[in-house]
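So you can see what is in the structure, the chains are spelled out below.
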Amino acid sequence: MKADHPQSPPPWRPVVQFESVGVRYGTGPEVLRDLTFSIAPRSFQFLTGPSGAGKSTLIRLILLAVRPSRGLISLFGEDVAGLSGEALTRLRRRMGIVFQDFRLLGHLTTFENVALPLRVQGREEASYRGEVAELLRWVGLGDRMHALPAVLSGGEKQRAAIARAVIARPELLLADEPTGNVDPSLARRLLRLFVELNRLGTSVLLATHDLALMDQVDARRLVLGDGRLHIDE
Ligand SMILES: Nc1ncnc2c1ncn2[C@@H]1O[C@H](COP(=O)(O)OP(=O)(O)O)[C@@H](O)[C@H]1O
Ligand SMILES: [Mg+2]
């Protein structure tokens, strides 16, 4: 955010807002301190920093999988501190997540893996079959719909995982080193997929320590180091 008009609130409600957030694991030292930042609707940003800097921890904080030891976290304009389990589940459903190791279910086909978030919502297959097939074609897996994950290549697995993360139209897509297990040319293709999803309206936070990959896109960088965050606009 620019500091020109410090009194006036932004014209949009941030998707994510952290204020002086700190986090520790158990009784250990704080691994992240004084994190203050926000993520705007429809924005694209990288989250970077060396291994162990806290990228995954920051993503877990946003996913509500780790609790801050201090500070305020708001998601979609709601302070998460006082919310019930049901309300937290509702917020989580507005986010999609992609991990480095894909995390597809081995006994389900590509189609079934991608459809899973819709099934969990209680929707009937007839109501989503076309939607899932269209998204699979869009990510280039139109001819792999009935394949099991075991026979997919790394790039195909990650495209399936990205499709699963976005099938329920999340407002925020979190990706934790999504290109860590694929070769550089596939990594660039996956990155273009994230950029395209962002153009369609999803906010994207993509964690990576791959500088060459970040150089492909002119985007804001949230940089973690020594437990703190600085932002390269
Ligand atoms: N479950 C955990 N329990 C204790 N310490 C952890 C746990 N997960 C991560 N850490 C520590 O928190 C710090 C940040 O880790 P992490 O968020 O995984 O960094 P990154 O994703 O940038 O590699 C590291 O010092 C790591 O050892
Ligand atoms: Mg990590």
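Residues numbered from 1 in each chain as written. Chains lettered and ligands numbered in written order. Predicted model: local features only at pLDDT ≥ 70, side-chain atom pairs only at ≥ 80, totals over all residues. Heavy atoms only, no water.

A.B. asks: Describe the packing of helix α5 (residues 154–166) against helix α6 (residues 184–199), with residues and values.
C.D. replies: Where α5 meets α6, the closest approach of the two axes is 11 Å, and the angle between their N-to-C directions is 15°. Judged by the inter-axis angle, α5 sits roughly parallel to α6. In the crossing of α5 with α6, the sense of the turn from one axis to the other is right-handed. Contacts from Gly155, Gln158, Arg159, Ile162 and Val166 in α5 reach Leu186, Arg189, Leu190, Leu193, Phe194 and Leu197 in α6. (Axes fitted to C-alpha atoms, helices over the stretch in contact; angles between N-to-C directions. Helix = DSSP H or I, 4+ residues; strand = E, 2+ residues; numbered from the N terminus. Parallel < 35°, antiparallel > 145°, perpendicular 65-115°, else oblique. Left-handed = near helix turned anticlockwise from the far one by under 90°. Contact = heavy atoms within 4.5 Å.)

A.B. asks: Just give me the short version of the sheet that holds strand β2 (residues 30–39), but keep the residues and values in it.
C.D. replies: Spatial ordering of the open sheet is given by β2-β1-β4-β5, a layout of four strands whose pairing is antiparallel. Two strands bound the open sheet, and with one partner strand each, they are β2 and β5 (78–79). Two elements, strand β1 (residues 16–24) and β2, share six bridges in a ladder whose sense is antiparallel. Pairing of Phe18 across the sheet is with Phe37, part of β2. (Pairing = 2+ DSSP bridges.)

A.B. asks: How would you explain the sheet that holds strand β3 (residues 44–48) if you had to name every residue and give the values?
C.D. replies: The strand order β6-β7-β8-β3-β9-β10 describes an open sheet built from six strands, whose pairing is mixed. With partners counted over all chains shown, the strands left at the sheet margins are β6 (95–99) and β10 (228–232), one partner each. Each neighbouring strand pair of the sheet contributes to a mean axis angle of 15°, computed without reference to strand direction. Set on the sheet, α5 makes contact with β6 and β7 (172–176); between it and β6 the angle comes to about 165°.

A.B. asks: Which residues make up the packing of aromatic side chains, and what are the values?
C.D. replies: Within the structure shown, the criterion is met by two aromatic pairs. Between Phe18 and Phe37, the ring centres sit 4.7 Å apart and the planes meet at 35°, which makes this aromatic pair tilted. Of the two residues, Phe18 is situated in strand β1 and Phe37 in strand β2; the sequence distance between them amounts to 19 residues. One exposure class covers both Phe18 and Phe37, and it is buried. Centroid distance Phe44 to Phe46: 5.3 Å. Interplanar angle 85°. Geometry classified as edge-to-face. Note on Phe44: relative accessible area 11%, which makes it buried. Its relative accessible area of 0% is what places Phe46 among the buried residues. (Phe/Tyr/Trp six-rings, centres within 6.5 Å; stacked < 30°, edge-to-face > 60°. Buried < 20%, exposed > 50% of the residue type's maximum accessible area, 1.4 Å probe, protein only.)

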